[in-house]
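Close look at the chain arrangement
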Amino acid sequence: MDTVTTRLCVVGGGPAGMMAGLLFARAGIAVTVLEKHADFLRDFRGDTIHPSTLDLMDELGFSERFRALPQRRVETFSGVVAGRSYRVADFSRLPTRNRFLSFMPQWDFLDFLAREAGQYPEFRLIRRTEARGLIEADGRVVGVRAEGPDGPLEIRSDLVLCADGRHSLMRAQAGFAPRTFGAPIDVMWFRLPRRDGDPEAAAGRFGPGRILITLDRGDTWQCAYVVPKGGDTAIRAKGLPAFRAAVGEIAPFLADRTGEIADWDAVKLLTVTVDRLERWHRPGLLCIGDAAHAMSPVGGVGINLAIQDAVAAANILVEPLRAGRLAEADLARVQARRMFPVRVTQGLQRVIQSRVIAASLEADAPFRAPLALRMLDRLPMLQALPARMIGMGVRPEHVRMPARA
Ligand SMILES: Cc1cc2nc3c(=O)[nH]c(=O)nc-3n(C[C@H](O)[C@H](O)[C@H](O)COP(=O)(O)OP(=O)(O)OC[C@H]3O[C@@H](n4cnc5c(N)ncnc54)[C@H](O)[C@@H]3O)c2cc1C
């Protein structure tokens, strides 16, 4: 069996894992990232690059190359009720260098991180290789067992960073089970063509018993149809024509093309989960990103938190790893730093899920815009608050360690 020896083994090449791999390699730490897929081309998992991440790209000196990638800038987000638009978030008021959200296919962003990380000799990305188990010695995790195209592989490392997403196998292997908070909603995702003359901005459309979020992806609209928990079964039972009609009713500009939803295979269900680990670490192992805390889609902040975790982990762990004196207390410092933003963000998401979203879904007659929407629209100063929560998050991280020459 092949064995790779490295300082850091990252399991999972999503936003958390790729950012962590890049930052540790940049600081001169030998990193091996395992990604089970051959490429980053997967289903839609969010295209948002937040202002705090854009600032990180600047801090890393990537601005010019990053800006050359195709992307769309969004400065505001609105809620639409009965055809009237209410501005909810205004990113142009943020105290960041980049005062907008960038929409870029996630695979382009991950490819970019992989290219940049590939400049450092300490970085290694092994694709088509799935971590299957942990290797332990003397009560400490000392590596992972994986399966690649050429057979089994062992990665021996000082630290295993589990960034393998919301269904993390590694955290289960470590004996961790997340604390799950109920979520009253699920999301049905699909795409429709975007045409000249369509409304410009990304928006959430509220109607009695339904909410539709439309995200501009250039030639398509990525649509999120929000339903009560488990509600997709009843919607599917009513048939596709009824679903198409419901979409056209809530977003009349899409009514002329809902026939493009050819069958139910074009509609993917996201079972909304909000969970988090109470303990993110064991000797030799740390969970970050969705593996430590799956976020609600409210606000679209999962990618941001995953990246922020990676930055905090690198800021705190590079030195002890380099010096060969990594202790569990160092891993606990990462959790202590990131748990607060996770708790606050999930708390807010849960309030919005139950007070605004679930309440709209329960309404069965035409209703007024929720008070929060009306207040935000009337008082533009307030629009900086949701912009801050979405665009920067709580306790935004900055790259603290210099690149190793
Ligand atoms: C439909 C949908 C829409 C979303 N929209 C948004 C949005 O608009 N904005 C936003 O901020 N967030 C959004 N999210 C959430 C966002 O995708 C996640 O919060 C974010 O991707 C978490 O990053 P991560 O790196 O922790 O995990 P992931 O992105 O899940 O990455 C985990 C990686 O690990 C790999 N992996 C898993 N197991 C193994 C293994 N055993 N061995 C090797 N590799 C493994 C996976 O292939 C994957 O590449 C959305 C999620 C979904 C599902």
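Being a predicted model, the structure only gives us computed values, none of them experimental.

1. Side note on the site of the ligand
As a structural note, the neighbourhood of the ligand is formed by 31 residues, with Glu35, Arg45, Thr48, Asp290 and Ile303 the closest of them. At a separation of 3.0 Å, an oxygen atom of the ligand approaches a polar side-chain atom of His37. In isolation the ligand exposes 990 Å². Once the protein is present, 90% of that is buried. Secondary-structure elements contributing two or more residues to the shell around the ligand are α1 (15-26), β10 (130-137) and α8 (302-322). Among the elements that make up the shell around the ligand, the one with the highest residue count is α8 (three residues). Partitioned by chemical class, the residues of the shell around the ligand number twelve nonpolar, twelve polar and seven charged.

2. Remarks on the sheet that holds β10
Note on sheets: strands pair through backbone hydrogen bonds, and any given pair is parallel or antiparallel. Taken in spatial order, the four strands line up as β1-β12-β11-β10 in an open sheet, and their pairing is mixed. Each of the sheet's edge strands pairs with one partner strand only, and the pair in question is β1 (2-5) and β10. Averaged over all pairs of adjacent strands, the angle between their axes in this sheet comes to 25°, without regard to strand direction. The sheet contact formed by β1 and strand β12 (residues 151-156) spans four bridges and is parallel. Bridge pairing in β12 places Val4 opposite Ile155.

3. Some points on the sheet that holds strand β16 (residues 203-207)
An order of β7-β6-β16-β17-β18-β15-β19 is seen for the seven strands of this open sheet, with the pairing classed as mixed. Looking at strand neighbours, the two that pair on one side only are β7 (84-90) and β19 (268-270), the edges of this open sheet. Ignoring which end each strand starts from, the neighbouring axes of this sheet average 25° apart. In this sheet, strand β18 (residues 220-228) lies alongside strand β17 (residues 210-216) in antiparallel orientation, the contact comprising six bridges. Bridge pairing in β18 places Leu215 opposite Gln222. Contacting β15 (185-193), β16, β17 and β18, helix α7 (residues 240-250) crosses the sheet at an angle of about 75° to β17. Sitting on the sheet, helix α10 (residues 371-378) is in contact with β6 (76-81), β7 and β16, with an inclination near 70° to β7.

4. Let's talk about the nonpolar core
Membership of the largest hydrophobic core comes to 115 residues, with the highest contact counts inside it found for Met19, Phe24, Val144, Leu286 and Leu317. A total of twelve residues in this core trace back to one element, the largest contributor, which is α8. Here this core spans two domains, since at least three of its residues come from each of domain 1 (2-180 + 273-391) and domain 2 (185-228 + 230-270). Once residues within four sequence positions are removed from consideration, Met19 is found in contact with Leu56, Met57, Leu60, Leu113, Ile307, Ala310 and Val311. The next biggest cluster of nonpolar side chains, apart from the first, holds 19 residues, and it includes Phe190, Val227, Ile235 and Leu240.

5. Things to note about the packing of aromatic side chains
A complete count under the given rule lists seven aromatic pairs for this structure. Centre to centre, the rings of Trp221 and Phe253 are 5.7 Å apart; their planes meet at 70°, and the pair counts as edge-to-face. Here Trp221 is found in strand β18, whereas its partner Phe253 is found in the loop between α7 and β19, with 32 residues between them in sequence. Considered together, Trp221 and Phe253 belong to a single accessibility category, that of buried residues. Among the aromatic side chains, those forming a connected cluster through ring pairs are Phe62, Phe66, Phe109 and Phe112. Above the face of the Phe100 ring, Arg73 is positioned so that its terminal group lies 3.9 Å from the ring centre. Between the NZ or CZ atom of Arg84 and the centre of the ring of Tyr86, over which it lies, the distance is 4.3 Å.

6. What about the packing of helix α2 (residues 51-59) against α8?
The N-to-C vectors of α2 and α8 enclose an angle of 40°; their axes lie 9 Å apart at closest approach. As summarised for this structure, α2 and α8 are arranged oblique, according to the angle between their axes. Judged by the twist between their axes, the crossing of α2 over α8 is left-handed. Contact residues: Ser52, Thr53 and Leu56 in α2; Asn304, Ile307, Gln308 and Val311 in α8. Looking at the contact of α2 with α8 residue by residue, the class counts come to three nonpolar, four polar and no charged.

Scoring rules and cut-offs
Residue positions are counted from 1 within each chain, in the order its sequence is given. Local features in a predicted model are, by the rule used here, given only for residues with pLDDT of at least 70; side-chain atom pairs are given and counted only at 80 or more, and totals for whole chains, interfaces and linings are based on all residues. Side-chain numbers come from the whole structure's heavy atoms, not from hydrogens or water. Summary of the distance rule: residues count as near a molecule or strand when at least one heavy atom falls within 4 Å of that molecule or strand. The term polar contact refers here to a pair of N or O atoms within 3.5 Å; inside protein, the definition further demands a hydrogen-donor-capable atom paired with an acceptor-capable atom, and it admits residues adjacent in sequence only when both atoms are side-chain atoms. All accessibility values rest on the Shrake-Rupley procedure with a 1.4 Å probe; residue burial counts only the protein chains present in the view. Only DSSP runs of H or I covering at least 4 residues are called helices, and only runs of E covering at least 2 are called strands; the numbering of each starts at the N terminus. For this scheme, ten residues count as nonpolar: Ala, Val, Leu, Ile, Met, Phe, Trp, Tyr, Cys and Pro. Four count as charged, namely Asp, Glu, Lys and Arg, and the remainder, Gly too, count as polar. Any two strands are treated as partners once DSSP identifies two or more bridges connecting them. Fitting a line to C-alpha atoms yields each axis, with helices limited to the stretch in contact; the angle taken between N-to-C directions then spans 0 to 180 degrees. Should any heavy atoms of two residues lie within 4.5 Å, those residues are considered in contact. Throughout, nonpolar core names a set of buried Ala, Val, Leu, Ile, Met, Phe, Trp, Tyr and Cys residues whose side chains join them through atoms within 4.5 Å. Accessible area is worked out with a 1.4 Å probe on protein chains only. A residue is then buried under 20% of its type maximum, exposed over 50%, and partly exposed in between. Domains are outlined according to an automatic or database domain assignment. Paired rings are identified among Phe, Tyr and Trp, the last through its six-membered ring, by centres lying within 6.5 Å, and are further divided according to the angle between planes into stacked (under 30 degrees), edge-to-face (over 60) and tilted (the rest). Two thresholds decide whether a charge sits over a ring: the Lys NZ or Arg CZ must be within 6 Å of the ring centre and within 35 degrees of the ring normal. Under this scheme an angle from 65 to 115 degrees is roughly perpendicular, one under 35 degrees roughly parallel, and one over 145 degrees roughly antiparallel; angles in between are oblique. Left-handed is the label given to a crossing in which the near helix is rotated counterclockwise from the far helix by less than a right angle, and right-handed is the label when the rotation is clockwise.

Keep in mind these values describe shape, not function.
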